[in-house]
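Each chain is listed here by its residues.
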Amino acid sequence: MGYYDIDDMLTEGSEIPCKFLHDIPGLGYLENNPGKPIKANAKLMLPYWLAHILAVVDSGSIDDNSENRMDDERSVPFIEMSTPESFSQKVTNAIKTDPVSLDLHSINPHFYELALKWCGLYSDKNLSEIVSHLLIQRAQEINNFAFSTAIQNKNINSIGSITSSNNINDNKNSNDNSNSNNNNNTHLLASSSFLMTLDELEKQVYKKSHESYKDSKRWMYQNK
Amino acid sequence: MYGDLANKLVIEAKRTAQLNNRGNKTTLPVHNDELVRDIIKEVTQLKRNIEFFKEQEETMNENGEYANSRIMKCQHFVNALCLERNKRCLLGYQKLRSDMLDSLAWENNGMDMLGTVSSEENSNLTHHEQEYLKKYSELLTDMKSGELTDIDLSGSLTPPREIFIDVRVLKDAGEIQTEYGVFNLIKDSQFFVRQSDVERLIQQGFLQKI
Amino acid sequence: MSLPALLQETFSPEEVQFIVENQKIKIFPRITTNKRRNLSDSNNEGNDDMSRWKMLTMDGRALETMIVMKSTEVTLWLALLLKQQSKCNIIIPEWLTVRGLELMLQYEKRNVDRFSALPWDWLVVSEILFKQAADDFNDPIHELRNRIQDLKEIRQMKVLQGLKYLNESHLQLDNLGILEINELRPFIVTVMDKLRLIHASGQPDEEESDEYGEGNADDVGMGTMLNSDTNMSSSSVPPNGTML
């Protein structure tokens, strides 16, 4: 991670559903209503970098004078974050039933990183166990793919064309011009469609393992 | 909404990083001046907002109005957070580009840096980035010619296999003086030479290992 | 960076080969460099001068005491060099025979959850010898190559199975060769690191000491050994302490 890490910045841009706990003047532009205040209990999608600070920072009770803050036991943050859709009950059930064929990219391209931050914030042991289990299962599948594509086609270029933007549809067309062999084609299609369901972290893992397998294969089969 | 432009910049940075991961040679796309300038404009506006809020708070504190002070602070807070976010995205973009410039300097340092700096390809870099590249390469050359002349730090990273190798000449290069004699490099001629001598020439692209 | 991204994660196979070439191997030299025999027969000096070779190296102990057809141990790269100049015959190690490999194959097939005790550099050494010392083999090379391929595939399958026990703190796969470990390193290190982070984030500020014993209760020869954020090492580290 790190301050300068691009993936970290993209993860923090993911939006979380939030509920405001007070009336706050002047922040209407968050709801596309510039100039108007936000009412209490208004629900909005806010980016993580904004939401997680506002949810933690204490705003004090509404009718509170700052001298009496010490006596106030309850700390009321500005907003309340609710579980984002990526970690909803529906998704966790889907994970439990079939981790491998789950389309993680469409749920959230930065699933694992967001899960890390969320668990860190709320110490949600349950979620972290589910996510670890998910990672282990998918990692094996990724390893299988990385290994077998290295054997089948040493010049695999189509993998590199998968970008992190949301244009998933473009990649479906690029599969066809990769290879002449029919077997290779169908295998590449299958692996490419699997690869499109991977989230960012898994793509990195795939790339690294694929590179290393490819390198050893190349060394094995090269002539002196 | 504040922070949207910054998001666009980060997505572009990510795309640049991925483009680079595919190929071997580091290529830097055009520096997105327009987007950066827009973000900086947004940042100046946010800064003005923050200063306004600060003044407001100070006047309120002086007048003894503590009511809702925390709620008022929320606006201030949100603006400050947007500011930080913009700053972070700008810095991340810049750092990515400078890291790529670093690897460019390391790759090129076996060869001539002067040629590449002034060519049109480098119009993708801003003036500051070109300066940075030049100074960094100078730093590298200084380091290598300082105490570490014995090790060629930018040399080939694959370990040597044999002492003598067969090479074919790719370009005409005249006469090359080595420890063990003089070689006349004419295109397509072959030589059986010691690897340590010709490694430099291979890196520069004059010879090809067979 | 000065080191490209791939090399930051793991060694390149060429580097692995370089490391392996520093191991010892037995050879039959075809020349004599032993100086001591020279002292007693001064009459034969004239004839012997033609067949007496001198080797100039930094550590000339092994080289200067070579006697024709008496087996000596030298480093692999030196042996390969001598072989190129037709000055020696390489003795093939015992495990690299049809019989030896058959034994290993049977062990692999019998024990589905263990790896046979092949030397740590088996893949690299066999490749090098096939390419450069083909005439020193007693058995036909294509048979040996087939067996090596089979061994490789069986072990690969077992590795894939073993990865099911991947968790955030430890993974042990005994008797893997260095090239096999090298291939797996980036994958395993990245995944284990992430698992560790996920696991740590799920814990509130309590101690985590009870987690380390629980990981793999049912290990069948694929037990637990190493630290999740250092390099992988097999349990059979070579005697001269080469870093894996």
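Going by what an unreviewed UniProt entry lists, chain C is known as DNA replication complex GINS protein PSF2 and is assigned to Maudiozyma exigua. Its UniProt record, at the heading Subcellular location (unreviewed entry), says of chain C: "Nucleus". Reading the Sequence similarities (unreviewed entry) entry of the UniProt record for chain C gives the comment "Belongs to the GINS2/PSF2 family."

Where an unreviewed UniProt entry is consulted, chain A appears under the name DNA replication complex GINS protein PSF3, with the organism given as Maudiozyma exigua. Of chain A, the UniProt comment under Function (unreviewed entry) reads exactly: "The GINS complex plays an essential role in the initiation of DNA replication." The UniProt entry for chain A carries the following text under Sequence similarities (unreviewed entry): "Belongs to the GINS3/PSF3 family."

Caption draft 1: Spatial organisation of the overall build of chain A. Tallying secondary structure elements over chain A gives 9 helices and 3 strands in all. If you list the helices and strands of chain A from N to C, you get α-β-β-α-β-α-α-α-α-α-α-α. Of the contacts formed within chain A by residues at least 6 apart in sequence, a portion of 68% connects residues at least 24 apart. Looking at chain A as shown, the accessible area adds up to about 10,700 Å², and 47% of this sits on carbon and sulfur atoms.

Caption draft 2: Structural detail: the pairing of strand E1 (residues 164-169) of chain B. Residues and elements named next belong to chain B. Covered by surrounding structure in E1 are Ile165, Val167 and Val169 only, the residues Phe164, Asp166 and Arg168 on the alternate face being uncovered. Summarising the sheet, E1 and strand E4 (residues 190-194) pair through 5 bridges and their orientation is antiparallel. Residue aspartate 166 lies in a different strand from E4, and its bridge partner there is phenylalanine 192.

Caption draft 3: The arrangement of the domain arrangement of chain A in detail. Residues and elements named next belong to chain A. Under the domain assignment, chain A is made up of domain 1 (1-82) and domain 2 (86-224). On the domain 2 side, the residues contacting the 13 residues of domain 1 number 10 residues. Summing the contributions of domain 1 and of domain 2, the shared interface buries around 1,000 Å²; its carbon and sulfur component is 67%. The three residues of domain 1 that bury the most area against domain 2 are Asp7, Thr11 and Tyr48, which together make up 44% of that side's buried surface. On the surface where domain 1 and domain 2 come into contact, there are 2 salt bridges. Elements with a minimum of two residues in the side of domain 1 that touches domain 2: helix H1 (6-12) and helix H2 (48-56). Per-element accounting of the side of domain 1 that touches domain 2 gives the leading share, 5 residues, to H1. Of the residues in the side of domain 1 that touches domain 2, the class split is 6 nonpolar, 4 polar and 3 charged.

Caption draft 4: Representation of the pattern of salt bridges within the structure. With the rule as written, the count across this model stands at 25 salt bridges over all chains. Measuring nitrogen to oxygen at the nearest pair gives 2.6 Å for the salt bridge that ties aspartate 7 of chain A to lysine 14 of chain B. Placement of aspartate 7 of chain A in helix H1 and of lysine 14 of chain B in helix H1 (residues 4-22) is noted, with the two residues assigned to different chains. Residue classification places aspartate 7 of chain A among the buried positions, given a relative accessible area of 9%. Owing to a relative accessible area of 8%, lysine 14 of chain B belongs among the buried residues under this scheme. A salt bridge links lysine 203 of chain A to glutamate 200 of chain A; its shortest N-O distance comes to 3.5 Å. Separated by 3 residues within a single helix, lysine 203 of chain A and glutamate 200 of chain A lie in helix H9 (residues 200-221), roughly one turn from each other. Looking at lysine 203 of chain A, the relative accessible area reads 13%, which means it is buried. Glutamate 200 of chain A sits in the buried class, given a relative accessible area of 3%. Through salt bridges that share partners, Asp7, Glu200 and Lys203 of chain A together with Lys14 of chain B make up one connected network.

Caption draft 5: Highlighting the packing of aromatic side chains. The final tally for this structure, using the stated rule, is 10 aromatic pairs over all chains. When the centroid spacing of 4.8 Å and the interplanar angle of 55° are considered together, the rings of tryptophan 118 of chain A and tyrosine 122 of chain A count as tilted. Of this pair, tryptophan 118 of chain A and tyrosine 122 of chain A both sit in helix H5 (residues 111-122), 4 residues apart, roughly one helical turn. Taking relative accessible area as the criterion, tyrosine 122 of chain A reaches 39% and is therefore assigned partly exposed. On the basis of an interplanar angle of 15° and a centroid distance of 6.0 Å, the ring pair of tyrosine 132 of chain B and tyrosine 136 of chain B is categorised as stacked. Here tyrosine 132 of chain B and its partner tyrosine 136 of chain B are both found in helix H5 (residues 127-145), 4 residues apart, which amounts to about one turn of the helix.

Caption draft 6: Quick peek at empty space enclosed by the protein. Residue and element names in this part refer to chain B. Under the counting rule described, the total for this entry stands at 9 cavities of 30 Å³ or more. Approximately 80 Å³ is the volume found for the largest cavity. Residue lining of the largest cavity: 11 residues in total, with Phe183, Leu185, Val198, Leu201 and Leu207 positioned closest to the centre. Residue assignment for the lining of the largest cavity shows that the elements contributing at least two residues are strand E2 (174-178), strand E3 (181-185), E4 and helix H6 (195-204). It is H6 that contributes the most residues to the lining of the largest cavity, 3 residues altogether. Taken together, the residues of the lining of the largest cavity sort by class into 9 nonpolar, 1 polar and 1 charged.

Caption draft 7: Up close: the packing of H2 of chain A against H5 of chain A. Residue and element names in this part refer to chain A. Across the interface, H2 lies against H5 with an axial gap of 12 Å and an inter-helix angle of 5°. Judged by the inter-axis angle, H2 sits roughly parallel to H5. On the side of H2, the interface is formed by Tyr48, His52 and Val56, while H5 contributes Leu114, Lys117 and Leu121.

Caption draft 8: Quick peek at the interface of chain C and chain A. Each partner contributes to the interface: chain C provides 35 residues, whereas chain A provides 35 residues. Here chain C and chain A share an interface that buries about 3,300 Å² over both sides, 66% of which is from carbon and sulfur atoms. Inspection of the region where chain C meets chain A yields 1 salt bridge. Residue glutamate 14 of chain C pairs with arginine 218 of chain A through a salt bridge whose shortest N-O separation is 3.3 Å. If you look at where chain C meets chain A, you find 5 residue pairs in polar contact (both at pLDDT 80 or more). If you list the elements that add at least two residues to the side of chain C that touches chain A, you get helix H1 (5-9), helix H2 (13-20), helix H7 (122-132), helix H8 (141-162) and helix H9 (178-202) of chain C. It is H9 of chain C that contributes the most residues to the side of chain C that touches chain A, 13 residues altogether. Split by residue class, the side of chain C that touches chain A holds 16 nonpolar, 10 polar and 9 charged.

Caption draft 9: Geometry of a nonpolar patch on the surface. Among the surface-exposed residues, Tyr3 and Tyr4 of chain A together with Leu91 of chain B lie close enough to one another that they form a single nonpolar patch of about 260 Å² accessible area. Within the fold, tyrosine 4 of chain A resides in the segment before H1. A residue is classified by how much of its surface remains accessible, and tyrosine 4 of chain A, at 40% relative accessible area, is partly exposed.

Caption draft 10: Spatial organisation of the nonpolar core. Core analysis: the largest hydrophobic core is formed by 73 residues, its most contacted members being Leu30, Leu46 and Ile79 of chain A. For this core, the element with the highest residue contribution is helix H6 (residues 125-152) of chain A, accounting for 12 residues. When near neighbours in sequence (up to four residues on either side) are disregarded, leucine 30 of chain A contacts Phe20, Ile38, Leu44, Leu46 and Leu50 of chain A together with Met1 of chain B.

What counts, and at which threshold
Residues numbered from 1 in each chain as written. Chains lettered and ligands numbered in written order. Predicted model: local features only at pLDDT ≥ 70, side-chain atom pairs only at ≥ 80, totals over all residues. Heavy atoms only, no water. UniProt positions renumbered as here; feature names shortened; annotations may be inferred. Helix = DSSP H or I, 4+ residues; strand = E, 2+ residues; numbered from the N terminus. Contact = heavy atoms within 4.5 Å. Areas by Shrake-Rupley, 256 points an atom, 1.4 Å probe, with all protein chains shown as cover. Buried < 20%, exposed > 50% of the residue type's maximum accessible area, 1.4 Å probe, protein only. Pairing = 2+ DSSP bridges. Domains from an automatic or database assignment. Buried area = accessible area lost by both parts, 1.4 Å probe. Salt bridge = Lys/Arg side-chain N within 4 Å of Asp/Glu carboxyl O. Nonpolar A, V, L, I, M, F, W, Y, C, P; charged D, E, K, R; others polar. Phe/Tyr/Trp six-rings, centres within 6.5 Å; stacked < 30°, edge-to-face > 60°. 1 Å grid on protein atoms, 1.4 Å probe; cavity = no way out; pocket = protein on both sides within 12 Å on 5 of 7 lines; lining within 4 Å. Points joined across faces, edges and corners; volume = space filled by probe spheres on them. Axes fitted to C-alpha atoms, helices over the stretch in contact; angles between N-to-C directions. Parallel < 35°, antiparallel > 145°, perpendicular 65-115°, else oblique. Polar contact = N/O pair within 3.5 Å; in protein donor to acceptor, adjacent residues only side chain to side chain. Patch = residues over 30% accessible without salt bridge, like charges linked within 9 Å, V, L, I, M, F, W, Y side chains within 5 Å. Core = buried A, V, L, I, M, F, W, Y, C linked by side-chain atoms within 4.5 Å.

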